[in-house]
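One-letter residues, chain by chain:
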Amino acid sequence: MNKKPLIISTDPGIDDIAAMTISLFAKELDVRMIVPTWGNVALEYTLQNALNLEKFLHTKVPVVVGANQPLVAPMISAASVHGKTGIAGFDFEEADRSLVKPGLAATVMAEEIKNSPEKVTLLGIGPLTDYALLFKQYPEVKKNIDQIVIMGGNIGRGNHSPLAEYNIAGDPEAAQVVFHSGLPIKVAPLEIGNKAHLTQDQMSKVKECGEVGNMLYSLFSHIHEPDGDPRIKIYDPTAVGILLHPEMFTLKKANVEIELRGQFTYGASVINFMDQENVNAEIATDVDLDQFSKWFIDSIKNSDQGRE
């Protein structure tokens, strides 16, 4: 099997930890680098969280330090949901910096993409700052990128503001650059994460998946949803699901623009399914929950076995 080369931009974050874990052990993927960026919490924490996860998983994928702030917008924080360090609920052993690859993220990503014999896929599960910088500084790399898969945006109401989802609201200008990159883009919006939830019984099955399962169970048990919803919603892993098993999802073509000037709508994703002449993304509008939950639990089992 030819594995898909993958670069992950992430702001771990509890659900980012799950998405990275699945990706690192997926037989279909070859994770070339992890680029922690500011996002759920500050860069100092997201960087250490990525390193700590790799130490826990016994993996050796290079880590490249990403952006420490948005392109234009003031920084926002989701520490109230994910805890001060981004990973409340599990005490990882602290890793050293031996996996950190020196250099600016855009430059290191560009070199990896240009030198790859196969086209590279980009997974964006945080604010899209680093991918925007990549496209602005090295537009020539686009010809060797297969697609971008994003967890972000919202069809209806948002979770950061009434009309804006957190990852896009974190850096709306960067998101607009990415959606205008001309590359194939698939999106797992907020609504898919809301639908792709696990029950407490299913979370108990996750807990039974060895040390990796116990780690993820502990993390997800400490998520505090602002709306008090007791269901365990699985956001970032839905993007990995779309990448690996798009058949689990209903995908619809749309034109996506990011609101950059609205006083009350700044950062909103304007997803227009009616404009089929200017399509720039495919949006997941539904998910087969039974298939997804089975895939998610099986992926955690696979990760635990791979870790050994």
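The preceding data block contains the structure.
Residues numbered from 1 in each chain as written. Predicted model: local features only at pLDDT ≥ 70, side-chain atom pairs only at ≥ 80, totals over all residues. Heavy atoms only, no water.

A. Quick look at the nonpolar core. Grouped together as the largest cluster of nonpolar side chains are 61 residues, with contacts concentrated most on Met-215, Leu-216, Leu-219, Phe-220, Phe-292 and Phe-296. A per-element tally of this core places helix 1 (residues 14-25) first, with eight residues. Once you skip the residues sitting within four places of it in the chain, Met-215 turns out to touch Ile-17, Thr-21, Leu-53, Phe-56, Phe-90 and Phe-92. Core analysis: the second largest hydrophobic core is formed by 37 residues, Val-35, Ala-175, Val-177 and Val-178 among them. (Core = buried A, V, L, I, M, F, W, Y, C linked by side-chain atoms within 4.5 Å. Buried < 20%, exposed > 50% of the residue type's maximum accessible area, 1.4 Å probe, protein only. Helix = DSSP H or I, 4+ residues; strand = E, 2+ residues; numbered from the N terminus. Contact = heavy atoms within 4.5 Å.)

B. How the structure looks around the sheet that holds strand 4 (residues 145-151). Ordered in space as 2-1-3-4-5-10-8-9, the eight strands form an open sheet in which the pairing is mixed. The open sheet has two edge strands, strand 2 (29-36) and strand 9 (269-272), and neither has a second partner. Shown here is a sheet whose adjacent strand axes are inclined to one another by a mean of 30 degrees, direction ignored. On top of the sheet, helix 4 (residues 105-115) reaches strand 1 (4-10), strand 2, strand 3 (120-124) and strand 4; it is set at about 165 degrees to strand 2, its chief contact. (Pairing = 2+ DSSP bridges. Axes fitted to C-alpha atoms, helices over the stretch in contact; angles between N-to-C directions.)

C. Local environment of the packing of aromatic side chains. For the structure on display, the rule yields seven aromatic pairs. Judged by centre distance (5.7 Å) and plane angle (90 degrees), the rings of Phe-56 and Phe-92 are edge-to-face. Placement of Phe-56 in helix 2 (residues 43-57) and of Phe-92 in the loop between helix 3 (79-82) and helix 4 is noted, with a sequence separation of 36 residues between them. Each member of the pair, Phe-56 together with Phe-92, is buried. Ring geometry for Phe-90 against Phe-92: centres 4.8 Å apart, planes inclined by 70 degrees, an arrangement best described as edge-to-face. (Phe/Tyr/Trp six-rings, centres within 6.5 Å; stacked < 30°, edge-to-face > 60°.)

D. Main features of the environment of Ile-34. As for its placement among the helices and strands, Ile-34 is situated in strand 2. According to the relative accessible area criterion, Ile-34 is buried, its value standing at 0%. C-alpha of Ile-34 to C-alpha of Tyr-235: the two residues are 201 residues apart in sequence and 18 Å apart in space. Aside from chain neighbours lying at most four places away, what touches Ile-34 is Ile-8, Thr-10, Met-20, Leu-24, Ala-50, Glu-54, Val-61, Pro-62, Val-63 and Val-64.

E. Quick peek at helix 9 (residues 200-207). Taken as a whole, helix 9 has its buried residues at Gln-202, Met-203 and Val-206. Looking straight down helix 9, one finds that the buried residues subtend no more than 100 degrees of arc, so they occupy a single side. (Arc of directions from axis to C-beta.)

F. Summary view of the pattern of salt bridges. For the coordinates displayed, the defined rule picks out nine salt bridges. Between Arg-32 and Glu-118 there is a salt bridge, and its shortest N-O distance comes to 3.3 Å. Of the two residues, Arg-32 is situated in strand 2 and Glu-118 in the loop between helix 4 and strand 3; the sequence distance between them amounts to 86 residues. Relative accessible area serves as the criterion here: at 18%, Arg-32 is assigned to the buried category. A residue is classified by how much of its surface remains accessible, and Glu-118, at 39% relative accessible area, is partly exposed. Notably, a salt bridge pairs Lys-294 with Asp-298, separated by 2.7 Å at the nearest N-O pair. (Salt bridge = Lys/Arg side-chain N within 4 Å of Asp/Glu carboxyl O.)

G. Layout of the environment of Val-187. Positionally, Val-187 belongs in strand 5 (residues 185-188). Distance in space between the C-alpha atoms of Val-187 and Asn-154 is 9.5 Å, their sequence separation being 33 residues. Those residues within four positions of Val-187 in sequence are excluded, and the remaining contacts are Ile-150, Gly-152, Phe-179, Ile-242, Ala-281, Glu-282, Ile-283 and Ala-284.

In short, geometric facts, not functional conclusions.
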